[in-house]
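What follows is the residue order along each chain.
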Amino acid sequence: MLDLAIIGGGPAGLTAGLYATRGGLKEVVMFEMGLPGGQITQSSEIENYPGVFREEPHLTGMELMEPWPKQCMHFGLKHEMAEVKNVTKSGNIFKIKTFDKEYEAKSVVVCTGSTPKRAGFKGEDEFFGKGVSTCATCDGFFYKDKEVAVLGGGDTALEEALYLANICSKVYVIHRREEFRAAPPTVQRVLKNSKIELILNATVDEVYGSAMGVEGVKVSKKDGSSLDLKVPGIFVFVGNNVNNKVLKQDDGSYLCDVNEYGEVIVDLNMNTSTKGLYAAGDMRINAAKQVVCAASDGAIAGMGALNYVQENFND
Ligand code: FAD
Ligand code: NAP
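Treat the numbers as computed from the prediction; the structure is a model and nothing was measured.

Draft legend 1. Highlighting the overall build of the chain. Within the chain, the secondary structure is distributed over seven helices and 17 strands. Relative to a compact globule of 315 residues, whose C-alpha radius of gyration would be 20 Å, the chain shows 21 Å and is just as compact. If one aligns the C-alpha atoms of the chain with their principal axes, the spans along those axes are about 70 × 45 × 35 Å. Here the chain holds 315 residues, and the buried ones make up 49% of them. Partitioning the contacts of the chain with sequence separation of at least 6, the portion at a separation of at least 24 is 60%. Accessible surface, the chain as shown: approximately 15,600 Å² in total, 50% of it carbon and sulfur. Between the centroid of the 33 positive side chains of the chain and the centroid of its 41 negative side chains there is a distance of 1 Å.

As structure tokens, then:
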């Protein structure tokens, strides 16, 4: 029987493992279907994780994460390279199913992250990380005093457009309709912002560029006209998929409460509505979707699981 099963080996999962093992839990397994490190390993530059800044060349996500597993394994965390199918609870014991095995655990931290949706225009995948971004907090600064485009008309797109307008010289917001899905006060702030230009009833056909990155965005409007925006960056905010399927039960319900977007509801201690089950990182409600925040969540969840196991299992 495991003391703790951690599902997902990104910054949240690794940090949960570090705190739980270093705090005294013996049997702690982190289930990660790929290499530990999480989605930041896809990023070619990270400059907002405190204490590890490198000016040129920028620190890559892979470089940032490389030492984390080694540090965790030193304190006893074990890595099982497997995709978890689902987690259930019977009495006070959790069952973790992978494709070919079943494990039992006294507590679980789930931290499987979330995945921004892609819009599907030409060049989106090719230039992802080279001018196409889904994170203004992460990449906005690289476009300081430059013009950028934002795609989407929801709360995320408009809030991030306002954020980018503080850094960039101009922000084009491209939206496929006339009306916005975002909250009216946010729309009003956007309309009043002189640095934001709206391009409505419009879709992105293509981003183009060179090996150096994006050089422009081709846009088609419903009235038949087209635009060629000479911008080095486009931020795509067309929704998000929360990776919560491991919590799905056979009857279609979830093992713990989730909100209407599928984000796991937690309190400030990362407790879910199910005792002994914690959620951390990008998959939880109100996540800032930053490495430092996911790591912080993981630490809190790891400490929570440690206390829970020590208080509820006296063997
Ligand atoms: P993730 O990092 O998403 O980790 C989840 C892990 O769970 C993954 O490794 C996945 O393989 C695993 N997993 C999922 N389902 C299963 C399953 N069923 N079984 C087993 N394993 C599973 N943040 C910053 O702070 N600064 C930046 O500059 C920055 N830049 C970014 C650039 C890019 C291109 C991207 C994609 C993200 C960036 N982020 C940045 C965001 C940051 O990467 C995330 O906020 C952070 O990684 C979230 O950590 P997490 O542990 O919650 O989830
Ligand atoms: P969202 O509300 O689903 O909005 C996605 C936007 O992208 C929509 O405007 C949609 O257009 C557009 N879109 C979708 N697919 C597209 C495509 N392929 N090409 C072009 N455009 C596309 O997503 P979100 O903004 O990430 O918000 C998710 C949820 O979180 C929402 O309920 C939101 O209210 C909430 N949220 C709240 C806050 C806050 O309260 N401060 C902040 C952020 C998010 P259409 O409008 O035409 O469908």
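Still to come is the rest of the account.
Draft legend 2. Representation of the site of ligand 2 within the structure. Ligand 2 sits among 15 residues. The nearest are Asp-155, Thr-156, Glu-159, Arg-181 and Tyr-261. Between ligand 2 and the protein, one listed contact pairs a nitrogen atom with a backbone N or O atom of Ala-119 at 3.2 Å. Here ligand 2, which alone exposes 910 Å², has 68% of that area covered by the protein.

Draft legend 3. Spatial organisation of the domain arrangement of the chain. Split into domains, the chain comes out as domain 1 (2-115 + 240-312) and domain 2 (118-236). With six residues of domain 1 at the contact, the number on the domain 2 side is six residues. For domain 1, the biggest contributors to the area lost against domain 2 are Glu-45, Glu-47 and Gln-290; these three give 64% of the whole. Our count for the domain 1 to domain 2 interface comes out at zero salt bridges. Summed over the shared surface of domain 1 and domain 2, the result is zero residue pairs in polar contact (both at pLDDT 80 or more).

Draft legend 4. Structural detail: the pairing of strand S11 (residues 196-199). Pairing of strand S10 (residues 170-174) with S11, which is carried by four bridges, proceeds in the parallel orientation. Bridge pairing in S11 links Val-171 to Ile-196. Between the parallel elements S10 and S11, the chain passes through helix H6 (residues 184-192) in a crossover that is right-handed.

Calculation criteria
- Residues numbered from 1 in each chain as written.
- Chains lettered and ligands numbered in written order.
- Predicted model: local features only at pLDDT ≥ 70, side-chain atom pairs only at ≥ 80, totals over all residues.
- Heavy atoms only, no water.
- Helix = DSSP H or I, 4+ residues; strand = E, 2+ residues; numbered from the N terminus.
- Rg over C-alpha atoms; globule rule 2.2 N^0.38 Å.
- Buried < 20%, exposed > 50% of the residue type's maximum accessible area, 1.4 Å probe, protein only.
- Contact = heavy atoms within 4.5 Å.
- Areas by Shrake-Rupley, 256 points an atom, 1.4 Å probe, with all protein chains shown as cover.
- Lys, Arg positive; Asp, Glu negative; His and termini not counted.
- Charge placed at Lys NZ, Arg CZ, Asp CG, Glu CD.
- Near = heavy atom within 4 Å.
- Polar contact = N/O pair within 3.5 Å; in protein donor to acceptor, adjacent residues only side chain to side chain.
- Domains from an automatic or database assignment.
- Buried area = accessible area lost by both parts, 1.4 Å probe.
- Salt bridge = Lys/Arg side-chain N within 4 Å of Asp/Glu carboxyl O.
- Pairing = 2+ DSSP bridges.
- Right-handed = clockwise from strand over helix to strand, strands pointing away.

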